[in-house]
Amino acid sequence: MDWRNKLELIQNKIRGQLHARKIDDLEGVYQLMAEFDKDNSGYLDKDEFQKFLSKIGVFLTTQELRAVYDKYDSNKDGNIAYAEFVNLIRENMSERRINVVRSTFAFLDQQRQGRLLLENLYRLYQAKNHPRVRTRQKTADQVTKEFVNAISKRSKDGQSISEDEFLNYYADCNATLPSEKEEYFTDLLTSTWGVTSGADYVSPERLAQLEIILFEKIRQKTVTKDDEGKTAKKAFMYFDLENKGTIDIYQFAQALQKFGCVFSDKEIQALFNKYDADKSGRLCYDEICGLIALMGSGNNANVNPVFQIARAPPQETLNRIRQDLVKKGQHSVIRMATIFANSDKNKNGTLNRQEFQWAMKESGFLLTKTEYDNLFRYFDKNCDDEVSFVEFISFLRKPLTQNRADLVCQLWNKISNGQPSISIQQLKQCYDASKSQDVSLGIKTVADSTKDFNDIWKDVQAVTQQQFIDYLTDISALIESEAAFEKFIRNSWR
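Keep in mind that this is a model prediction, so the values were computed, not measured. (Residues numbered from 1 in each chain as written. Predicted model: local features only at pLDDT ≥ 70, side-chain atom pairs only at ≥ 80, totals over all residues. Heavy atoms only, no water.)

1. Re the overall build of the protein
1) Next: Secondary structure summary: the protein contains 27 helices and ten strands in total.
2) Next: Whereas a compact globule of 494 residues would reach a radius of gyration of roughly 23 Å, the protein reaches 25 Å, a difference of no more than 12%.
3) Next: Taken over the C-alpha atoms alone, the protein extends approximately 70 × 60 × 50 Å along its principal axes.
4) Next: Counting over 494 residues, the protein shows a buried share of 47%. (Helix = DSSP H or I, 4+ residues; strand = E, 2+ residues; numbered from the N terminus. Rg over C-alpha atoms; globule rule 2.2 N^0.38 Å. Buried < 20%, exposed > 50% of the residue type's maximum accessible area, 1.4 Å probe, protein only.)

Structure representation (structure tokens):
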């Protein structure tokens, strides 16, 4: 039996049953799982997990249960953490749903600032049009409360939401919605945000159509032995008068006209917005050409596209960097961030190629020229030969999962006694370096681990909650296992 496909079907059934129980966010999933967690450990054993599945209407054979249980018990500790279960049912968000979310964000972000104020979202959200409210399964007040509670937790600064944070919120909604509910998902967004009422709205379906038309027009102008990516690049380069490798929307519209694409202004803007991922107002056309070349390679087996997707993360290099950071110790991300900040000589938040390479070497990473170039090109979002080192460091950091965030908040409440800040002396008294991640892994001695901790906080007199959360977020980035992070939190802090 193909257990991978079987597991996907079971996971989809779980999402379907959660949806049928009117659970529309992850908070409801956590609450439901907690009903079967008799010892309040945050974990379910096999018997408890089976009872949870039965409660929501998913009945499995012994063999099926074993396969599913093994899948969710990712760290093989004999238990399923709520977070492990949630992360897996949250996966596999369809491309169509992602496009709907991104289009909705673009519709709401009319000033193209890349962030939306929470207070504006609360005001704009039309709970009365939510499918649950229209069918009288929930009241508008219930839906509003659930929305405000869930989306506010996705905001890193507590005031606004980025496109990725907006997408993460709807990934949570996706976790309780089966794959066959595509129309429901689209309706959920368009109705609650009034998207279709906007004069500039272009549906995800139409946007996909525009891309197909653009490719077909380029294909018609491509000679037999060439590929579509080359044809597209020649056209974009023709309108790139300053030879910067980027074009604005006016030049983009001219290129579309050259290809014979007769699109409306709002359609051109929507297509431009999709490719303008960093909202800079300019497109790095090598990336578009790479996508077009890859589309073409699927149609012509004799043509190998000469382009790569320029902005695809150099994952192998990034993975090696992360592995080296783990070996350097739990404070290595913090140290690296300090080195990068010190390398920013003009204090504008960016590094040129030379500064970036120096900072990497100073951090202890010796990469090849190709690796440096690929890394720099990926983070040089607007092609101005500079990278935002904050964005680079943020990429290495992983945002706290909900489970980890809850643990950190509980720890802060415990050591702060509800105060907005604590003294550095209080912080040091609460920390036990002998139980640190570095000592547990045998990376450092207790004395060295204690010195590292003191060095990190040497210039700080008082520690705020946000500083504490940021500190543990940096450490969390280098701890893969949820169980290992929880162990670090519970054992290293008194």
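2. Describing the UniProt feature "domain: EF-hand" (unreviewed entry) in the protein
1) Next: UniProt records the feature "domain: EF-hand" (unreviewed entry) at residues 24-59, 60-95, 227-262, 263-298, 331-366 and 367-402, using the numbering of this structure.
2) Next: Helix makes up 61% of residues 331-366 and strand 8%, with an end-to-end C-alpha separation of 20 Å. (UniProt positions renumbered as here; feature names shortened; annotations may be inferred.)

3. Examining the packing of aromatic side chains
1) Next: The full count for this structure, using the stated rule, is 28 aromatic pairs.
2) Next: Relative to Phe 147, the ring of Tyr 125 lies with its centre 3.8 Å away and its plane at 5 degrees, an arrangement referred to as stacked. Highlighted residues: Tyr 125 in the loop between helix H7 (118-124) and helix H8 (131-134) and Phe 147 in helix H9 (residues 140-152), separated in sequence by 22 residues.
3) Next: Exposure remark for Tyr 125: the relative accessible area of 11% places this residue in the buried category.
4) Next: Each ring, one from Phe 236 and one from Phe 252, has its centre 6.4 Å from the other, and the planes form 10 degrees; the classification is stacked. (Phe/Tyr/Trp six-rings, centres within 6.5 Å; stacked < 30°, edge-to-face > 60°.)

4. Here's the deal with the state of the cysteines
1) Next: If you walk through the whole model with that rule in mind, you get zero disulfides.
2) Next: In this structure Cys 430 is not part of a disulfide, and its nearest cysteine sulfur, from Cys 409, lies 16 Å away.
3) Next: Relative accessible area serves as the criterion here: at 14%, Cys 430 is assigned to the buried category. (Disulfide = S-S within 2.5 Å.)

5. Here's the deal with unusual backbone geometry
Most of the time, phi is negative for any residue but glycine, and the peptide bond is trans.
1) Next: Positive phi outside glycine occurs at Arg 136, with the angle close to 60 degrees.
2) Next: Tracing the chain through its elements places Arg 136 in the loop between H8 and H9.
3) Next: In this model, Asn 417 sits at a positive phi of 55 degrees, which is unusual for a non-glycine residue.
4) Next: For Asn 417, the position within the fold is in the loop between helix H22 (402-416) and strand E9 (421-423).

6. Some details on the nonpolar core
1) Next: Counting residues in hydrophobic clusters, the biggest one holds 31 residues, and the most contacted among them are Met 93, Val 101, Leu 121, Ile 151, Phe 166, Tyr 170 and Trp 193.
2) Next: For this core, the secondary structure elements donating two or more residues are helix H6 (95-108), H7, H9, helix H10 (163-174) and helix H11 (182-193).
3) Next: Excluding its chain neighbours within four sequence positions, the residues that come into contact with Ile 151 are Leu 118, Leu 121, Tyr 122, Ile 161, Phe 166 and Tyr 169.
4) Next: Judged by nonpolar contacts, the second largest core, of 28 residues, contains Ile 23, Phe 49, Tyr 72 and Ile 89. (Core = buried A, V, L, I, M, F, W, Y, C linked by side-chain atoms within 4.5 Å. Contact = heavy atoms within 4.5 Å.)

7. Here we look at the packing of helix H13 (residues 228-239) against helix H14 (residues 249-259)
1) Next: H14 packs onto H13 with a crossing angle of 130 degrees between their chain directions and a minimal axis gap of 9 Å. When the axes of H13 and H14 are compared, the pair comes out oblique. Judged by the twist between their axes, the crossing of H13 over H14 is right-handed. On H14, the residues touching Thr 231, Ala 232, Ala 235, Phe 236 and Phe 239 of H13 are Gln 251, Phe 252, Gln 254, Ala 255, Lys 258 and Phe 259.
2) Next: Split by residue class, the contact of H13 with H14 holds seven nonpolar, three polar and one charged. (Axes fitted to C-alpha atoms, helices over the stretch in contact; angles between N-to-C directions. Parallel < 35°, antiparallel > 145°, perpendicular 65-115°, else oblique. Left-handed = near helix turned anticlockwise from the far one by under 90°. Nonpolar A, V, L, I, M, F, W, Y, C, P; charged D, E, K, R; others polar.)

8. Section: the packing of helix H12 (residues 204-220) against helix H15 (residues 265-275)
1) Next: Running from N to C, H12 and H15 cross one another at 90 degrees; their axes reach a closest spacing of 10 Å. When the axes of H12 and H15 are compared, the pair comes out roughly perpendicular. Across the interface between the two elements, Arg 206, Leu 207, Leu 210, Glu 211 and Leu 214 from H12 touch Glu 267, Ala 270, Leu 271, Lys 274 and Tyr 275 from H15.
2) Next: Residues that form the contact of H12 with H15 fall into these classes: six nonpolar, no polar and four charged.

9. Points about the side chain of Arg 322
1) Next: Considering the arrangement of structural elements, one finds Arg 322 in helix H17 (residues 315-328).
2) Next: One buried charged residue, Arg 322, forms no salt bridge at all, with the nearest opposite charge on Glu 480 at 5.0 Å.
3) Next: Ignoring any residue separated from it by four or fewer positions in sequence, one finds Arg 322 in contact with Phe 395, Leu 396, Lys 398, Ala 477, Leu 478 and Glu 480. (Lys, Arg positive; Asp, Glu negative; His and termini not counted. Salt bridge = Lys/Arg side-chain N within 4 Å of Asp/Glu carboxyl O.)

10. What about the pattern of salt bridges?
Should their charged atoms come close, side chains of opposite charge can pair.
1) Next: Considering all chains together, one arrives at 20 salt bridges under this definition.
2) Next: Glu 163 is the salt-bridge partner of Arg 102, the closest N and O atoms lying 3.2 Å from each other. Of this pair, Arg 102 sits in helix H6 while Glu 163 sits in helix H10; the two residues are 61 residues apart in sequence, bridging distant segments of the chain.
3) Next: When the shortest N-O distance is used, the salt bridge between Arg 404 and Glu 482 registers 3.4 Å. With a gap of 78 residues between them, Arg 404 in helix H22 and Glu 482 in helix H27 (residues 482-492) connect regions that are remote in the sequence. Accessibility classification places Arg 404 together with Glu 482 in one group, the buried group.
4) Next: The structure contains a network of salt bridges with shared partners spanning Asp 24, Arg 132, Lys 138 and Glu 146.

11. Structural notes on the environment of Ile 456
1) Next: Mapped onto the secondary structure, Ile 456 falls in helix H25 (residues 446-456).
2) Next: Placed 434 residues apart in sequence, Ile 456 and Lys 22 show a C-alpha to C-alpha distance of 47 Å.
3) Next: If we skip the residues at most four places from it in the chain, Ile 456 touches His 331, Ile 334 and Tyr 471.

12. Some remarks on the environment of Lys 156
1) Next: Residue placement: Lys 156 occurs in the loop between H9 and strand E4 (160-162).
2) Next: For Lys 156 and Asp 25, which are 131 residues apart along the polypeptide, the C-alpha to C-alpha distance reads 19 Å.

13. Topic: the confidence of the model for the protein
1) Next: Per-residue pLDDT for the protein averages 81, and the proportion of residues at 70 or more is 91%.
2) Next: Note on residues 299-311: pLDDT is under 50 here. Beyond four places in sequence and across chains, it has 36 contacts. (pLDDT = per-residue confidence, 0-100.)

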